[in-house]
Amino acid sequence: MILKSASEYYQNQPAFGGLVEKIIWHSRQKMFKSLMQIAQPTCETTVLDVGVTSDRRQDSNFFEKLYPYPHKITAVGLEDASFLEQDYPGLKYIQADGLNLPFPDKSFDLVVSFAVIEHVGSRERQQLFIRELCRVGRTCFITTPNRWYPIEFHTVLPLVHWLPRSWFSTILKLLGKDFWSKEENLNLLSEKNMLSLFPADSQVYKKHFRLFGLISNLVFYLEN
């Protein structure tokens, strides 16, 4: 499973103010623009988006909001997000696990996954997740927050996520953030961690996104 409960995930998300939400939306627009420049999809490109949510907040499922060819999107998530089919005519929604996608090999021209892999669980499960994306896609575009950014975005805590995993988990529990203390719900990655997970025969391109001058998000584009 990508997450035990997507609804529990959003219950534990911090409530950002207007300025922060604008910064987040700007960052996601930059990532989307980068995707369009790198992958150069057309109206004929078949796309799989792995990790859509049942949440209806403005910043949720931003790829579907921005992508100009929604009729070519197949969206996958753990919980019921079938409303996406009404919001984006032609889009197909399938409720499925990202570690066991119900598609044949190389079914899609492009597979995208935005900030999902850090919620898959252990490094072994993260590697299986990437391999499953690569199995069903000819190309893949994967993003994740950078572990070495000084603010951890899910907990909005500074620096403590740089500590060993057991210390980080203990501190989160002491602060009442039990959900994020569990590896199955949050397992942050550095660029080195990510690169170690990709299949050896994949050609991987990487890109950094910065927030206030520091690398906040990591982007990886693979051609299989």
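What you see is a predicted model; the values in this text were computed from it and never measured. (Residues numbered from 1 in each chain as written. Predicted model: local features only at pLDDT ≥ 70, side-chain atom pairs only at ≥ 80, totals over all residues. Heavy atoms only, no water.)

Student: Looking at this model, I keep getting lost on the side chain of serine 34. Mind explaining?
Tutor: With respect to the helices and strands, serine 34 occurs in helix α2 (residues 18-39). Serine 34 has contacts with Phe141, Lys207 and Phe209, leaving out every residue within four places of it along the chain. (Helix = DSSP H or I, 4+ residues; strand = E, 2+ residues; numbered from the N terminus. Contact = heavy atoms within 4.5 Å.)

Student: Explain the packing of aromatic side chains to me, please; I cannot follow it from the model alone.
Tutor: To describe a pair of aromatic rings, one takes the distance between the centres and the angle between the planes. Scanning all chains against the criterion turns up 12 aromatic pairs. Taking 5.0 Å as the distance between ring centres and 90° as the angle between the ring planes, the aromatic pair formed by phenylalanine 103 and phenylalanine 108 counts as edge-to-face. Just as phenylalanine 103 is buried, phenylalanine 108 falls in that class too. Through pairs of rings, three or more aromatic residues link up here, namely Phe32, Phe62, Phe63, Tyr67, Tyr69, Phe114 and Phe141. One residue, arginine 147, lies across the ring of tryptophan 148, its end atom 4.5 Å from the ring centre. Sitting over the ring of phenylalanine 209, lysine 207 keeps its end group 5.8 Å from the ring centre. (Phe/Tyr/Trp six-rings, centres within 6.5 Å; stacked < 30°, edge-to-face > 60°. Buried < 20%, exposed > 50% of the residue type's maximum accessible area, 1.4 Å probe, protein only. Lys NZ or Arg CZ within 6 Å of the ring centre and 35° of its normal.)

Student: Looking at this model, I keep getting lost on the pattern of salt bridges. Mind explaining?
Tutor: The tally for this structure, following the rule as stated, stands at 4 salt bridges. A salt bridge links lysine 206 to glutamate 191, with the shortest nitrogen-to-oxygen separation between them at 2.8 Å. Of the two residues, lysine 206 is situated in strand β8 (residues 203-211) and glutamate 191 in helix α8 (residues 191-195); the sequence distance between them amounts to 15 residues. With a relative accessible area of 49%, lysine 206 lands in the partly exposed category. Under the relative-accessibility criterion, glutamate 191 is labelled buried at 18%. Here the salt bridges share partners, and the residues they tie into one network are Asp105, Glu132 and Arg135. (Salt bridge = Lys/Arg side-chain N within 4 Å of Asp/Glu carboxyl O.)

Student: Would you explain helix α5 (residues 123-136) in this entry?
Tutor: One turn of the α-helix equals 3.6 residues, which is why residues spaced by three or four share an orientation. Relative to the 20 Å expected for 14 residues at 1.5 Å per residue, α5 spans 20 Å between its end C-alpha atoms, a close match to the ideal helical length. Three or more residues of α5 are buried, namely Gln126, Phe129, Ile130, Glu132, Leu133, Cys134 and Val136. On its buried face, α5 sits against β1 (47-50), β4 (108-114), β5 (137-145), α8 and β9 (214-223). (Expected span 1.5 Å × (residues − 1).)

Student: Teacher, can you tell me more about helix α6 (residues 165-174) here?
Tutor: Looking at α6, one finds that the buried residues are Phe168, Ser169 and Leu172. All buried residues of α6 fall inside an arc of 95° around its axis, so they share one side. What points out from α6, more than 90 degrees from its buried face, is the exposed set Trp167, Lys173 and Leu174. Contacts from the buried residues of α6 go to β6 (151-152), β7 (157-158) and α7 (178-181). Trailing α6 by a residue or two, glycine 176 shows a phi angle of about 80°, which is positive. (Arc of directions from axis to C-beta.)

Student: Sorry, what's going on with the UniProt feature "domain: Methyltransferase type" (unreviewed entry) in the protein chain here?
Tutor: Under the present numbering, the feature "domain: Methyltransferase type" (unreviewed entry) in UniProt falls on residues 86-137. Counted over residues 86-137, helix gives 31% and strand 23%. Its end C-alpha atoms are 25 Å apart. (UniProt positions renumbered as here; feature names shortened; annotations may be inferred.)

Student: Would you take a moment to explain the sheet that holds strand β2 (residues 73-77) for this structure?
Tutor: The pairing of strands in a sheet comes from backbone hydrogen bonds and takes either a parallel or an antiparallel form. Spatially, the 7 strands line up as an open sheet ordered β3-β2-β1-β4-β5-β9-β8, and their pairing is mixed. Both outer strands of the open sheet, β3 (92-95) and β8, are each paired with one neighbouring strand and no more. When strand polarity is set aside, the average angle formed by the axes of neighbouring strands in this sheet is 20°. In the sheet, β1 pairs with β2 via 4 bridges, with the strands oriented parallel. Note on β2: the bridge partner recorded for valine 50 is valine 76. Together, β1, β4, β5 and β9 form the strand contacts of α5, whose direction differs from that of β5 by roughly 150°. (Pairing = 2+ DSSP bridges. Axes fitted to C-alpha atoms, helices over the stretch in contact; angles between N-to-C directions.)

Student: What am I meant to see in the state of the cysteines here?
Tutor: A covalent bond between the sulfur atoms of two cysteines is referred to as a disulfide. Throughout the structure, instances matching the rule amount to 0 disulfides. With no disulfide of its own, cysteine 134 lies 4.2 Å from the sulfur of cysteine 140, the closest cysteine sulfur. The class for cysteine 134 is buried, based on a relative accessible area of 5%. (Disulfide = S-S within 2.5 Å.)

Student: Explain the pairing of β9 to me, please; I cannot follow it from the model alone.
Tutor: On a regular strand, one side chain projects to one face of the sheet and the next to the other, so that they alternate. Judged by how many residues are buried, β9 sits mostly within the fold: 8 of 10 residues are covered. Taken together, the 7 bridges between β5 and β9 define a ladder with antiparallel strand orientation. Directly across from threonine 144, in β9, lies its bridge partner leucine 218. Two successive antiparallel strands, β8 and β9, enclose a turn made up of 2 residues, where phenylalanine 212 displays a positive phi of approximately 55°.

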